[in-house]
Structure formats: C-alpha cells, structure tokens
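Examining the three-dimensional arrangement
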Protein chains: 2
Amino acid sequence: MIIQLYNRDEIERVIRLDTRLIQEVETAFTALSTKRVTMPPIMRIDMPEHNGEVDIKSAYIEGVDSFAVKLSSGFFNNPKIGLPSANGMMILLNSKTGEPQAIFADNGLLTDLRTAAAGAVAAGHLSRQNSRVAGIIGTGSQARYQLQALLAVRPIEKAFVYGRSKEKTERFKTDMEGELGIPVHVALEPEDVVRNSDIVVTTTPSTEPIVNGDWLSPGVHVTAMGSDAEHKKELDERAIEASDLFVCDTIEQSKRLGELRNLQNDKLVHSAVELGDITSGHKPGRSSEDQITICDLTGTGVQDTVIARYAFQLLEYKEEDIHERR
Amino acid sequence: MIIQLYNRDEIERVIRLDTRLIQEVETAFTALSTKRVTMPPIMRIDMPEHNGEVDIKSAYIEGVDSFAVKLSSGFFNNPKIGLPSANGMMILLNSKTGEPQAIFADNGLLTDLRTAAAGAVAAGHLSRQNSRVAGIIGTGSQARYQLQALLAVRPIEKAFVYGRSKEKTERFKTDMEGELGIPVHVALEPEDVVRNSDIVVTTTPSTEPIVNGDWLSPGVHVTAMGSDAEHKKELDERAIEASDLFVCDTIEQSKRLGELRNLQNDKLVHSAVELGDITSGHKPGRSSEDQITICDLTGTGVQDTVIARYAFQLLEYKEEDIHERR
C-alpha cells in the first residue's frame, strides 16, 4: 500500500477557489441535511505553556467511499519566531477498508479554501442576485479568500474593507485591487462597511460584537465566519433580531461556538435554519429583495471530507496526466 | 518545512523489541504517574455498514517537545478481500510550534510494539525474577510479540500456548520455536496454560472470562492485555480477588474498558494500583515469591507518544548515518 503525501505547493498548483470547488462544498452542506453523517465532537489537545492547541475533526458521510481526519493547530507564540500561528494537515481514509489514501501537508490551505467556499455558498443562496458591493471586516488571509469567493458568485464591482491595523488594511486594499481588479475602499469604521455594502463578511477573531443590528438596511446579507470558539462573537443580538432569515452551518455548533451562543431571546434559536436545508431545497433561501439575511459559519468536518476528496481527485488526475505525457 | 513520511518497511528496519524500547515505554508509564499529561478521550468514527471503526488517540506530556496523534482502524470485513482488519498511522507533532515532524504509515507496527513492550514492563516489575515458563493465551500477532517481549526481561526456557483454532496454534508453535529457540507446548485448555506457567499473558478479544481465579497458584503473574473495549473481558472476578496485587495502566480506563469493568466487589477497584506508580518507585511491585500479581493493560496514548518519538530518533539517526557514509 502506497500513501501519497502532498505538500502545500503541490496542492496549490491544482486547486482553485472557483465555481467547481464552491459546488463541491455545497454538497457538504446538503449532505449534512439529507444524509447520515457521523461527525464526532472535536478532539482538542492543549499545550498551555506554549500558548498552543491542536484540534482534530472528522466527518463520515454514509455511502461515501472516503473521509477525512483533519489536524489543525494554533500556536500563538509562533509569529515571534517567524512562523505562522496556524498549521494543519488532512488525512484521507478509505471508508470501506480504513486504509489511508493520501496525506495533505497543506498548512491549512484546504481549510482556508473550504471556509471561503462556504462563504460563497451562503452568499449564493442568501444575498441578492444583483449584489454589487462587498464589505469585508477583517484583513487576514480569510478576509482575502472571502472577497475572492464572493466574486465567483455575484457581480461584485467594488469592495469596502475595515481592519484595526491601518497598515494591514492598506496592504489588503493594494493586494486585492491588484489581484481582483476592482476598487477597494478603506473604511474608518465597521459601520461604514455595513451601511454601504450589499454583502458583508466578518472574518475576525473578535470577542465583542463588531456588527450592530441598527446598521443593517433592507436587502443586506451578512456572513459571520469569525466565531468558532466559546469566547468569540461578531454580531450583536439586535442584528440577529433584525434579520428576516438567520442561517447557520449547524445549529448545534452555532449555539456552542457561534453567533447563537448566549442569546437573551431564546426564540431566535428556534427560528434558525441550517444552510443544508436551503442548499438541498427543503427550505427557501432569500425570498425577496428587501429581506435581511445572516449566515453564521463555524466550520464543519463535512467540508473537510468534501474538499480532501476533491483535492485528491485533482491531484490523482494530474498524476495520470503526467504519466500519459511521459 | 519538510515532513518525513516513513512506511512500515523503513520503520521495521530500525526498530527492535529490545530492552531499550522496553525502557522507553516504561518512561511512558512513569510520566503518567509523575508528570502532567494531557490525554483527551478517544475520538471514534464508526462506519457500521462496513463493519469498521477508526479511533484517534493522542497524549501530550508536559515539557516534552513532541507528541503523537494516532489513527487506528479495525475493518472486520477486510479479511474477506485479503486485507488485514487492523490498520493505522501515527503523526508526530512539535509541541512548541504545532508543526508536523514525521508521519509513520506503520500499519499498526508501532502500536504492536508499544503494547508488547508494556507487557515486558509489567512482567519486569511484577513477575518473579526467576520466571522460566511463559503461558500465552491467544495466537495472533500480539501473542507472538508478547512472548518475544517476555524473553527480553525474564529467563524464559519454555512456553505453553492455547488458542481456539488448532491450526493457528500449531503455526504459533512452529513459528515461535523457530524464531525464539525455545520449546512451545500446545495446551488443550486455558487451564493447562495457567496452571503450568510462571507468567501468563492473555491476548484475546474474548467477551467472556477465559481465566478462572481458581487456577492461579502462588507466585504466578498474569498480564491481561486483550480487553480494550466495553464488551471485552478476559479474567473472572475471582482471579482479581485472588490476586495480592492488581495493577493496571490507568484505573479510569480499566474501569471503563478493562478488567475492572462491571465488578460485583467495589473494594477491588479501590485496591488497584497504576503501573506508573510502580515504575516510578512510588509504590512497590512484587514483594514476595508467592504473591499472585495481575496487570491489566488497555493501552494509552502516552505509549504512542513515547514510541513515535523513539522511532523518529532511530530513523533520523539512520538518515544521518547514510549521509555520512555517502
């Protein structure tokens, strides 16, 4: 048995944040709603004296012939020694025999892509078809991927960005204008981003809400993808109250790690809808031009399984291609 | 960053079931008793329609600069298509930065070795110094490793073996006589093994006790390493009652997955001792020639971390060696 080990460079060469990838990730949400999925609770190993943690996620979709196990780490002293704080790898296993099929030493690339693709899936079902202005809060790598992902599903003509660091925000503007060919305006406050955009994506590790419900105007869509832990939060409760449709990847995770955590108003939880119910057609997405919609993404193991399978297909295909040419 | 991927053949070439390995595994038990160890509950992903499961274990020993994450699988339809039912791999990660250091695609070899080494550690502290007769119940690969491990710590001159399959038992005899150079006698009943041996090792997936307390004579040591799940059991309660010293790798796991599970007599649990308390010198092991001692091994993530680190050392050393010779 030979296991392929692919490093980040090799994976980067074959995978793109394009509509095909977005469609693949959409099947992950549909599977969550329509198939039996085994997704055990996240395993976490803490190394407090190094300010680090490793999380392990996995998800098996019944009937699918392989599944992923993902290790992702955050070591927050790393930047001091010139290393990124995030790292990770995925392992793809055969669901019928347990044999490892491939290892992706991707340093978190596939996680970044599946998270961005989820933003595109949310925008594709929840934002107005004619959304032309994107607003991004946050300036990290996921902020960049999210903006790129929106361009794949909506006719975005310009963007607003807000970040706490002026330097990073300026760099975001310069880089994104160059890469995507649209003007990017730097906003001085989150409020300016929210009030001026058709689609808002929040991508911060904030522990205090940065989006105020009063800023939401009819027709806007907000994707909050920053909160994925018990101490994080990006939207205030009024934002959730103001929405006509509140969607999340999984209600259980949103209650524990996301925007449904610690709400005063219990009814808000009961009216929440899962994204897979919409992608599968069981429930409607946006149904009018002036609805306010919100999607809270905490990240699921099913997305990992789907993107690992997709990456393996692309890499295997590429190898066949190379063999043929030889 | 380059991650080394080692396959089973490469690992097999450098690692031996010798006293050095046994000493390394002993440090794992000592760490469990003397250091802060983070060992999260096992993550399990079931694939019931394929009669398969994948377990994920990990353990971080405070102050140790790397730790392992282990995937181990059991797919019980595999033998029908000519594949082994067990499979697995280990990943060694840097505890200060989270970076993956090495991947061992070992098909369970390191697990087999660390389990066998634990048997040797138990026998080294609990069996009589002059134990000359080994008794093995079970004929699988772990039965073979356990017998080999005993020879590393005690002056074993002959062995008894019992297995349900006559054919496999005969093969065990032939193979072990050839490999180890000692006579191996096939017993017709487990009782014959237990009554005739100084050290007994049970290595079965039995769900009903196969060792009866009445068979235990003064001075005997029994290691039960088969039970590692809620439905398994190898010793009857009278065996535990008959023992002067009952030891296990972790009391918590033994109560949940091992021989301390479902006992009528609660007091037995309270007098159990952990192996690490003995290897660290905090508590005595065998203290007289006629004590009856038992050790229940369920397997711990700390053993995985220790053997993965040891294998990496050996493999790295070997690579340096190759470079020097070039």
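Each value, and the rule that gives it
Residues numbered from 1 in each chain as written. Chains lettered and ligands numbered in written order. Predicted model: local features only at pLDDT ≥ 70, side-chain atom pairs only at ≥ 80, totals over all residues. Helix = DSSP H or I, 4+ residues; strand = E, 2+ residues; numbered from the N terminus. Rg over C-alpha atoms; globule rule 2.2 N^0.38 Å. Buried ≥ 20, exposed ≤ 12 C-beta atoms within 10 Å, placed from the backbone. Contact = placed C-beta atoms within 7 Å. Pairing = 2+ DSSP bridges. Axes fitted to C-alpha atoms, helices over the stretch in contact; angles between N-to-C directions. Least-squares fit on C-alpha atoms with pLDDT ≥ 70 in both. Expected span 1.5 Å × (residues − 1). Arc of directions from axis to C-beta. Domains from an automatic or database assignment. Nonpolar A, V, L, I, M, F, W, Y, C, P; charged D, E, K, R; others polar. pLDDT = per-residue confidence, 0-100. Parallel < 35°, antiparallel > 145°, perpendicular 65-115°, else oblique.

**Notes on the overall build of chain A**
If you tally the helices and strands in chain A, you get 11 helices and 15 strands. Rg of the C-alpha trace for chain A: 19 Å, near the compact-globule value of 20 Å for 326 residues, within the 12% margin. Counting only residues that meet the buried cut, chain A has 53% of its 326 residues in that class. Across chain A, every contact between residues at least 6 apart in sequence was considered, and the portion connecting residues at least 24 apart equals 70%.

**Re the sheet that holds strand β14 (residues 273-274) of chain B**
Residue and element names in this part refer to chain B. Spatial ordering of the open sheet is given by β10-β9-β8-β11-β12-β15-β13-β14, a layout of 8 strands whose pairing is parallel. For this open sheet the edge positions go to β10 (184-186) and β14, each flanked by a neighbour on one side alone. Here strand β8 (residues 133-137) pairs with strand β9 (residues 158-162) via 5 bridges, running parallel. In the sheet register, valine 133 faces β9, and the bridge partner there is lysine 158. Against the sheet, helix α4 (residues 141-153) touches β8, β9 and β11 (199-202), its axis set at about 165° to β8.

**Points about the relation of the copies chain A and chain B**
You can overlay chain A on chain B at an RMSD of 0.0 Å; the transform is a turn of 180° with a shift of 0.0 Å along its axis. Expressed as a symmetry operation, the mapping of one chain copy onto the other fits a two-fold axis. Taking C-alpha positions as reference, the residue of chain A nearest the rotation axis is methionine 43 of chain A, located at 3.3 Å.

**Topic: helix α5 (residues 166-180) of chain B**
Residues and elements named next belong to chain B. Between its first and last C-alpha, α5 extends 21 Å over 15 residues, near the 21 Å set by a 1.5 Å rise per residue. Listing the buried residues of α5 in full gives Thr169, Phe172 and Met176. Across the axial projection of α5, the buried residues extend over an arc of 50°, all falling on one side. Exposed and facing more than 90 degrees away from the buried side of α5 are Lys166, Glu167, Thr174 and Gly178. Structurally, α5 contributes buried residues whose contacts are with α4, β9 and β10.

**Section: the domain arrangement of chain A**
Residue and element names in this part refer to chain A. Per the domain assignment, the segments making up chain A are domain 1 (4-110 + 302-325) and domain 2 (119-300). Taken together, the contact between domain 1 and domain 2 spans 16 residues of the former and 18 residues of the latter. Only α2 (19-34) and α11 (301-325) provide two or more residues apiece to the side of domain 1 that touches domain 2. Considering every element that reaches the side of domain 1 that touches domain 2, the biggest residue donor is α2, with 10 residues. In terms of residue class, the side of domain 1 that touches domain 2 is made up of 9 nonpolar, 5 polar and 2 charged.

**Considering the interface of chain A and chain B**
Each partner contributes residues to the interface: chain A has 35 residues there, and chain B has 35 residues. When residues of the side of chain A that touches chain B are traced back to their parent elements, those giving at least two are β3 (43-47), β4 (52-61), β5 (66-75), β6 (86-94) and β7 (100-105) of chain A. When the residues that make up the side of chain A that touches chain B are grouped by side-chain class, the tally is 19 nonpolar, 10 polar and 6 charged.

**Comments concerning the sheet that holds strand β8 (residues 133-137) of chain A**
All names here are of chain A. Judged by pairing direction, the sheet is parallel, and its 8 strands sit side by side in the order β10-β9-β8-β11-β12-β15-β13-β14 without closing on themselves. The open sheet has two edge strands, β10 (184-186) and β14 (273-274), and neither has a second partner. Sheet analysis places strand β13 (residues 245-248) next to strand β15 (residues 293-296), joined by 4 bridges and oriented parallel. Paired with cysteine 248 across the two strands is aspartate 296, which belongs to β15. Packing against the sheet, helix α5 (residues 166-180) makes contact with β9 (158-162) and β10, and its axis sits at approximately 170° to β10.

**Quick notes on the environment of aspartate 112 of chain A**
Residues and elements named next belong to chain A. Take aspartate 112: it is sitting in helix α3 (residues 109-126). For the pair formed by aspartate 112 and glutamine 142, sequence separation is 30 residues and the distance between their alpha carbons is 6.4 Å. In contact with aspartate 112, other than residues within four places in its own chain, are Ser141, Gln142 and Tyr145.

**Some remarks on the pairing of strand β12 (residues 221-224) of chain A**
Residue and element names in this part refer to chain A. Here β12 shows no split at all, with His221 and Thr223 on one side and Val222 and Ala224 on the other all buried. Across 4 bridges, the pairing between strand β11 (residues 199-202) and β12 is parallel. Across the sheet, valine 201 pairs through a bridge with threonine 223, a residue of β12. Examined bridge by bridge, β12 and β15 share 4 bridges and lie parallel to one another. Residue histidine 221 lies in a different strand from β15, and its bridge partner there is threonine 293.

**Structural notes on the confidence of the model for chain A**
Taken residue by residue, chain A gives an average pLDDT of 94. The fraction at 70 or more is 97%. Of the two predicted TM-score estimates for the complex, the pTM is 0.88 and the ipTM is 0.85.

**Structural notes on the packing of α2 of chain A against α3 of chain A**
Residues and elements named next belong to chain A. Axis separation between α2 and α3 bottoms out at 9 Å; the angle between their running directions is 80°. On the basis of the axis angle, α2 is roughly perpendicular to α3. Facing Leu21, Ile22, Val25, Glu26 and Phe29 of α2, the residues of α3 in contact are Leu113, Arg114, Ala117, Ala118, Ala120 and Val121. Looking at the contact of α2 with α3, its residues break down into 9 nonpolar, no polar and 2 charged.

**Overview of the pairing of strand β6 (residues 86-94) of chain B**
All names here are of chain B. Summarising burial for β6: 8 of the 9 residues are buried, a large majority. By the bridge criterion, 9 bridges tie strand β5 (residues 66-75) to β6 in an arrangement that is antiparallel. Bridged to lysine 70 within β6 is methionine 90. As paired elements, β6 and strand β7 (residues 100-105) share 4 bridges and run antiparallel to each other. Counterpart to methionine 90 in the pairing with β7 is phenylalanine 104. In this structure, the hairpin formed by β6 and β7 is closed by a connection of 5 residues, where glycine 98 is found at a positive phi of approximately 80°.

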